Amino acid sequence: MAENVVLDKVEGFVGTITFNRPERRNALSPDMLFSVHMILERWAREQAVRCVVITGGEGKAFSSGYDIASIPTDVTPEMEELIKKHNPLELCFGTVKNFPYPTIALLNGYAFGAGLNLSMCCDIRVICDEAKIGMPPAKLGLVYHPAGLVEFVQAAGMATTRELFFSGRNFTAAEAFEMGLVSHVKPRAELSAFAYALAAEIAGNAPISLRNTKRILNMLEKAFNISEADRAEAERLQAEGFASEDLREGQMAFLEKRKPVFKGK
């Protein structure tokens, strides 16, 4: 596995996870996703972290999305077992979502695709006023996976999720705030101090209250989940998108930097 693609530290009761692939605009590779999972699993066992901040560091990218070209090499035996048994995106997102204490996504820069999805799994989102967010599947001919759509609906509501995915366009930080996709918008110079002050305030509260309240809130969100039958149908619809000519057209248009010509087949 590539070294230091994810950095972690703990100060007081606040843990920080920093994506560290600036040359790839923090595109989420499988080893990054598994690393986040393992860090959070360790912190959950140790019970020494009462609030987590996830950030893209000092650059202008929180995460550009999932790095589909990245294949993990030189993995540890532990990670090899994870790769065999789990989809890295689903495993990481589920671990973020179900971490026993509150989590904050510190969106230091733009967040697209899976990067934005990961932030939706956090409890609170704080964004730089210069940043933009977006979900491009409709412009690429993709049908987004149902679990991801559920996470957006849980975090931002059905109407906002519909506009985000149907338009496929990028939104400014101010627009993201108006739509309820983020909790706070701050200038870059104030962003980190604000996020960590909030994290310290949260971490200073009663651990049992934080842990149990989050667990109850996650229980309430299960009302948005879909049945097994509907999930199977959703996966069939997603597969139809993967098999379409429009997907290939969307990919070629993206690479050629032109507007796609979709035919609906």
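Here, every reference points to the structure presented above.
The present account deals with the structure reproduced in this document. If you're wondering where the values come from, they're calculated on a predicted model, not measured in any experiment. (Residues numbered from 1 in each chain as written. Predicted model: local features only at pLDDT ≥ 70, side-chain atom pairs only at ≥ 80, totals over all residues. Heavy atoms only, no water.)

This brings us to the overall build of the chain. What the chain contains, in helices and strands, is twelve helices and ten strands. A compact globule built from 265 residues would reach a C-alpha radius of gyration of about 18 Å, and the chain, at 18 Å, matches this within 12%. Taking the principal axes of the C-alpha coordinates as reference, the chain spans close to 55 × 45 × 40 Å. Relative to its full complement of 265 residues, the chain shows a buried share of 46%. Taking contacts inside the chain between residues at least 6 apart in sequence as the whole, the part at least 24 apart equals 72%. Working note: accessible area of the chain is about 13700 Å², and carbon and sulfur atoms make up 56% of it. The positive charge centre, built from 30 side chains, and the negative charge centre, built from 33, are 3 Å apart in the chain. (Helix = DSSP H or I, 4+ residues; strand = E, 2+ residues; numbered from the N terminus. Rg over C-alpha atoms; globule rule 2.2 N^0.38 Å. Buried < 20%, exposed > 50% of the residue type's maximum accessible area, 1.4 Å probe, protein only. Contact = heavy atoms within 4.5 Å. Areas by Shrake-Rupley, 256 points an atom, 1.4 Å probe, with all protein chains shown as cover. Lys, Arg positive; Asp, Glu negative; His and termini not counted. Charge placed at Lys NZ, Arg CZ, Asp CG, Glu CD.)

Our focus in this paragraph is the packing of helix α4 (residues 113-120) against helix α6 (residues 146-156). With their axes 9 Å apart at the nearest point, α4 and α6 run at an angle of 50° to one another. Judged by the inter-axis angle, α4 sits oblique to α6. The way α4 lies across α6 gives a crossing that is left-handed. Contacts between α4 and α6 pair L116, N117 and M120 from the former with G148, E151, F152 and A155 from the latter. Class assignment of the residues belonging to the contact of α4 with α6 gives a composition of four nonpolar, two polar and one charged. (Axes fitted to C-alpha atoms, helices over the stretch in contact; angles between N-to-C directions. Parallel < 35°, antiparallel > 145°, perpendicular 65-115°, else oblique. Left-handed = near helix turned anticlockwise from the far one by under 90°. Nonpolar A, V, L, I, M, F, W, Y, C, P; charged D, E, K, R; others polar.)

Moving on, we come to the sheet that holds strand β6 (residues 110-112). One open sheet accounts for four strands, arranged β4-β6-β8-β9; its pairing is mixed. Two strands in the sheet have a free side with no partner beyond their single neighbour: β4 (61-63) and β9 (170-172). Averaged over all neighbouring strand pairs, the angle between strand axes comes to 20°, with direction disregarded. Strand direction decides the pairing type here: β4 and β6, joined by two bridges, are parallel. Bridged to A61 within β6 is Y110. In this fold α4 packs onto β4, β6 and β8 (132-134), with an angle of close to 100° to the strand it touches most, β6. (Pairing = 2+ DSSP bridges.)

As a further point, take helix α11 (residues 228-242). An ideal rise of 1.5 Å per residue puts 21 Å on 15 residues; α11 measures up with 21 Å between its terminal C-alpha atoms. Those residues of α11 that fall on the buried side of the exposure criterion are A234, Q238 and G241. The buried side chains of α11 occupy one side of the element, clustering within an arc of 50° when seen end-on. Those residues of α11 that are exposed and angled more than 90 degrees off the buried face are E228 and A229. Structurally, α11 contributes buried residues whose contacts are with α6 and α12 (245-256). (Expected span 1.5 Å × (residues − 1). Arc of directions from axis to C-beta.)

So, about the packing of aromatic side chains. Aromatic ring pairs are reported here in terms of the distance separating the ring centres and the angle at which the planes meet. The full count for this structure, using the stated rule, is five aromatic pairs. Taking 5.4 Å as the distance between ring centres and 65° as the angle between the ring planes, the aromatic pair formed by F19 and F62 counts as edge-to-face. Note that F19 is positioned in strand β2 (residues 14-19) and F62 in strand β4, a separation of 43 residues in sequence. Classification of F19 by relative accessible area gives buried; the value is 2%. Ring plane angle 50° and centroid distance 5.3 Å describe the contact between Y144 and F165, whose orientation is recorded as tilted. Taken together, the residues Y144 in the loop between α5 (137-140) and α6 and F165 in helix α7 (residues 158-167) connect sequence positions 21 residues apart. Among the aromatic residues, ring-to-ring pairing joins Y144, F152 and F165 into one connected group. Here the guanidinium or amino end of R50 rests over the ring plane of F13, the centre of that ring lying 3.8 Å away. Between the NZ or CZ atom of K186 and the centre of the ring of F194, over which it lies, the distance is 4.5 Å. (Phe/Tyr/Trp six-rings, centres within 6.5 Å; stacked < 30°, edge-to-face > 60°. Lys NZ or Arg CZ within 6 Å of the ring centre and 35° of its normal.)

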